Amino acid sequence: MMTYSTPHFMSYPQLASTNSELKRLLGTKKMAEYSLVITHHQTAGKGQAGNSWESAAHQNLTFSILLRPNFLAPHLQFYISKAVSLALVDTIRQTAQLDASIKWPNDIYVGDKKVCGILIENSIVGSRLDYCIVGIGLNVNQEQFVSDAPNPVSLKQLTNKSFKLETVLEHLLDNIEYRYHQLETNRLELVNQDYTKALYRGEGFHAYKDDNGTFEARIDSINEMGLMTLVDTQGTKREYAFKEVNFVL
């Protein structure tokens, strides 16, 4: 049984979606920042743009955490994604000694395999960010994946070692707080630099696909709104929002 020290730690044997449960709880009572909903078995986990997330019972980390970044202007909300992504990269490097990277916008990869997904749902009230629900699914000890997801992998598959979920969670929550504090103290440029350094396929030309077909390009930049600019082999800049371009794996 996971028992992290926060007084706002809510653990469930099974949930359809930790994001949905945290959102439901928010509608019933006032909840402090860093409140956390975790489950041993998430049966209908959600990914970006309606994708599903497979997770075997008692083998992975599936949880959602509440942040209240009212110090950030709404147009800077993608920095939450950057900070959380970096916290996961930090954690995987510390606990599994693996060189993780961030596949834009916020999938966590080791090599060409996806080890973690993040789903962030923001609430904006007036001209400020009211709260963010950060959902995380980290594949830790799962040894077999049966869904049609193209490239899942777990830390155990990558290292041939089993991990204590409680230990990985403690490292991850500490790293989330550390990276979030960088945002609170206005060290946005540091977060941006670290995010850029950690990008999957951050250097060199690689294959991408958009509505016009496949092309070779390199990542030029990712702006504060999360839009990615690629430069193709002809030197033409192409800007994309999420789901407008795919990495060819």
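Placed above this text is the structure.
So, how was this worked out
Residues numbered from 1 in each chain as written. Predicted model: local features only at pLDDT ≥ 70, side-chain atom pairs only at ≥ 80, totals over all residues. Heavy atoms only, no water. Helix = DSSP H or I, 4+ residues; strand = E, 2+ residues; numbered from the N terminus. Rg over C-alpha atoms; globule rule 2.2 N^0.38 Å. Contact = heavy atoms within 4.5 Å. Areas by Shrake-Rupley, 256 points an atom, 1.4 Å probe, with all protein chains shown as cover. Lys, Arg positive; Asp, Glu negative; His and termini not counted. Charge placed at Lys NZ, Arg CZ, Asp CG, Glu CD. Axes fitted to C-alpha atoms, helices over the stretch in contact; angles between N-to-C directions. Parallel < 35°, antiparallel > 145°, perpendicular 65-115°, else oblique. Nonpolar A, V, L, I, M, F, W, Y, C, P; charged D, E, K, R; others polar. Pairing = 2+ DSSP bridges.

Caption draft 1: Structural view of the overall build of the chain. Of the regular secondary structure elements, the chain holds five helices and 14 strands. For the chain, whose C-alpha radius of gyration is 18 Å, the value lies close to the compact-globule estimate of 18 Å for 249 residues. Its C-alpha atoms put the chain at 55 × 45 × 30 Å along the principal axes. For the chain, the proportion of contacts with a sequence separation of at least 24, taken over those separated by at least 6, is 62%. Accessible area of the chain: about 11,800 Å², with a carbon and sulfur share of 47%. With 24 positive and 27 negative side-chain charges, the chain shows a separation of 2 Å between the mean positions of the two kinds.

Caption draft 2: Geometry of the packing of helix α4 (residues 165–184) against helix α5 (residues 188–197). Contact geometry for α4 and α5: axes closest at 7 Å, N-to-C directions at 130°. As the angle between them shows, α4 and α5 are arranged oblique. Residue-level inspection shows R179, Q182 and L183 of α4 in contact with α5, the latter providing L188, L190, V191 and D194. Class assignment for the residues of the contact of α4 with α5 results in four nonpolar, one polar and two charged.

Caption draft 3: Quick peek at the sheet that holds strand β2 (residues 36–39). Spatially, seven strands are ordered β1-β2-β5-β9-β8-β7-β6 in an open sheet, and the strand pairing comes out mixed. Edge positions in the sheet fall to β1 (9–12) and β6 (100–103), since each has one partner strand and no second. Geometrically, the sheet is characterised by an average inter-axis angle of 20° between neighbouring strands, direction not taken into account. Bridge analysis of β1 against β2 gives four bridges, and the strand direction is parallel. Residue S11 lies in a different strand from β2, and its bridge partner there is I38.

All we've got here are geometric facts, nothing functional implied.
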